[in-house]
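Coordinate analysis (summary)
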Amino acid sequence: SSDIASRTSMDDDIYIAGSDNEYYENKMDNIASNGVLSGLPFPWDSFNKDTRGLEPGHCIYVYGRQKSRKTWLVLFMALYYWSLGLKILIFTREMSKEELMWRLIALGTKSNISDIMKVNLTTKGREKVSKFLVGLKGSERLIISDNNDGFSGFKTTIEQVKPDMVFHD
């Protein structure tokens, strides 16, 4: 969090609104000429229609009751950005790395989680899983950490991994 704050904050802590008008004028020109997004696209068209995309420094919270499929949403987004070539770090507090991997396999192969968990797969399905896992391993761009040592632990892991995007479950 302190790294994000230092990268996105100004040199001083007082900001005169409009003092960097050229920045906003240029950004508006770039957005208009680049198809309305100034950041990475979201996996959903409706989000891209109503936002400028996911930009550096953004921090988005996914909140909901227990068992409301937040983890699935977070993993879906992580896989989406991984597929765009980004290095992704996922912190897990509620599930083991193995539990997350079963869900990632189901999402990454577009398979039913029950079929994955019970290995109710055809030969072609198993090949799909193998190909997906080899791709994950080969990319070295999707990292799961269960470091729960508070902000200092998160910061240490982020500095070690140097991800493009961080998800916390």
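Given the structure is predicted, the values throughout are model-derived calculations rather than measurements. (Residues numbered from 1 in each chain as written. Predicted model: local features only at pLDDT ≥ 70, side-chain atom pairs only at ≥ 80, totals over all residues. Heavy atoms only, no water.)

Points about the pairing of strand β1 (residues 88-91)
With burial as the criterion, each face of β1 is covered, one bearing I88 and I90 and the other bearing L89 and F91. Sheet topology note: the β1/strand β2 (residues 142-145) ladder contains 4 bridges and is parallel. Along β2, the bridge assignment pairs I88 with L142. (Buried < 20%, exposed > 50% of the residue type's maximum accessible area, 1.4 Å probe, protein only. Helix = DSSP H or I, 4+ residues; strand = E, 2+ residues; numbered from the N terminus. Pairing = 2+ DSSP bridges.)

Some thoughts on a nonpolar patch on the surface
On the surface, a cluster of nonpolar side chains totalling about 350 Å² of accessible area is made up of Y15, Y23 and Y24. Along the chain, Y15 falls in the loop between α1 (2-8) and α2 (21-33). (Patch = residues over 30% accessible without salt bridge, like charges linked within 9 Å, V, L, I, M, F, W, Y side chains within 5 Å. Areas by Shrake-Rupley, 256 points an atom, 1.4 Å probe, with all protein chains shown as cover. Salt bridge = Lys/Arg side-chain N within 4 Å of Asp/Glu carboxyl O.)

So, the sheet that holds strand β3 (residues 165-168)
The strand order across the open sheet built from 3 strands is β2-β1-β3, with neighbouring strands paired in parallel fashion. A single partner strand is all that each edge strand has here, and the edge strands are β2 and β3. This sheet shows a mean twist of 20 degrees between the axes of neighbouring strands, independent of strand direction. Contacting β1 and β2, helix α5 (residues 97-109) runs over the sheet at an angle of about 150 degrees to β2. (Axes fitted to C-alpha atoms, helices over the stretch in contact; angles between N-to-C directions. Contact = heavy atoms within 4.5 Å.)

Looking at the confidence of the model for the chain
Residues shown with low pLDDT carry predicted positions that ought not to be read at fine detail. The predicted model of the chain averages 85 in pLDDT, with 93% of residues at 70 or higher. Here α1 stands out as the least confident element of the chain, with mean pLDDT 59; helix α7 (residues 123-139) is the most confident, with 96. (pLDDT = per-residue confidence, 0-100.)

Observations regarding the nonpolar core
One finds Y81, W82, I88, I90, L142, M165 and F167 to be the most contacted residues of the largest nonpolar core, which totals 26 residues. When contributions to this core are tallied by element, the ones reaching two or more residues are α4 (70-83), β1, α5, α7, β2 and β3. With 8 residues, α4 is the single largest residue contributor to this core. Other than its neighbours up to four places away in sequence, F167 contacts V74, M77, A78, Y81, I88, L89, I90 and F91. (Core = buried A, V, L, I, M, F, W, Y, C linked by side-chain atoms within 4.5 Å.)

Looking at unusual backbone geometry
Phi angles above zero are rare outside glycine, and K110 is one such case at about 55 degrees. On the accessibility criterion, K110 (78% relative accessible area) is exposed. The backbone phi angle of V119 is positive, close to 50 degrees, even though this residue is not glycine. Topologically, V119 is positioned in the loop between α6 (113-117) and α7. Accessibility expressed as a relative area gives 45% for V119, which makes it partly exposed.

Observations concerning the layout of surface pockets
Volume-wise, the second largest pocket comes out at about 360 Å³. Lining the second largest pocket are 15 residues, and of these Q66, K67, T71, E94 and M95 lie nearest its centre. The element contributing the most residues to the lining of the second largest pocket is α4, with 3 residues. Taken together, the residues that form the lining of the second largest pocket break down as 4 nonpolar, 4 polar and 7 charged. (1 Å grid on protein atoms, 1.4 Å probe; cavity = no way out; pocket = protein on both sides within 12 Å on 5 of 7 lines; lining within 4 Å. Points joined across faces, edges and corners; volume = space filled by probe spheres on them. Nonpolar A, V, L, I, M, F, W, Y, C, P; charged D, E, K, R; others polar.)

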